[in-house]
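# Commentary on secondary and tertiary structure
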Amino acid sequence: MASTTASAADAPERATAPRAKGRLYRGDLGMWSWVAHRITGVLTFFFLFVHVLDTALVRVSPNAYDTVIETYKHPVMILFELGLLAAVLFHAFNGVRVMLVDFWSKGTQYQKPMLWTVVVLWLVLIIPAAISLLSRAVNEFFGG
């Protein structure tokens, strides 16, 4: 019985590029954006989880709740507030970028400029916030 298709043995060998040794992915800006988006999402979730737990303490023991709130007033917690703000801002801006890439027909074409826009917007907002929060922390630590 004759076949009109060539068998695998008759097919020409494909030239494949040799695989690079080491990392599978070279780590361009898109990969780091993906990593940062996951990390900031986990950090935001962790904050929300802790926030729900410490708020629930008011029903269990108002004294324990007051103790927890007092620890939040320590100047070191200002650094955590700054970290939370940085994580939430990046996660929000990058999330909008991801939605545009997914649902806008030209999203993939403008993916890199949109990422740089996210970075610039994040910096424009986080730098003044960092200056304000860090100056507050310094004033509380050393008096002012």
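Residues numbered from 1 in each chain as written. Predicted model: local features only at pLDDT ≥ 70, side-chain atom pairs only at ≥ 80, totals over all residues. Heavy atoms only, no water.

If you tally the helices and strands in the protein chain, you get 4 helices and 0 strands. Tracing the protein chain from N to C terminus, the helices and strands come up as α-α-α-α. In the protein chain, which comprises 144 residues, the proportion classed as buried is 18%. In the protein chain, the share of contacts with a sequence separation of at least 24, taken over all contacts with a separation of at least 6, comes to 67%. As displayed, the protein chain has an accessible area near 11400 Å², and 69% of this comes from carbon and sulfur atoms. (Helix = DSSP H or I, 4+ residues; strand = E, 2+ residues; numbered from the N terminus. Buried < 20%, exposed > 50% of the residue type's maximum accessible area, 1.4 Å probe, protein only. Contact = heavy atoms within 4.5 Å. Areas by Shrake-Rupley, 256 points an atom, 1.4 Å probe, with all protein chains shown as cover.)

A few words now on the pattern of salt bridges. Within the structure shown, the criterion is met by 3 salt bridges. Residues Glu81 and Arg136 are paired through a salt bridge, measuring 3.6 Å at the closest nitrogen-oxygen approach. Here the residue Glu81 occupies a position in helix H3 (residues 76-103), and Arg136 occupies one in helix H4 (residues 111-142), the gap between them amounting to 55 residues. Residue class for Glu81 comes out partly exposed when judged on its relative accessible area of 35%. Residue Glu140 is joined to Arg136 by a salt bridge in which the shortest nitrogen-to-oxygen separation is 3.7 Å. Taken together, the residues span about one helical turn, with Glu140 and Arg136 both in helix H4 at a distance of 4 residues. Its relative accessible area of 36% is what places Arg136 among the partly exposed residues. (Salt bridge = Lys/Arg side-chain N within 4 Å of Asp/Glu carboxyl O.)

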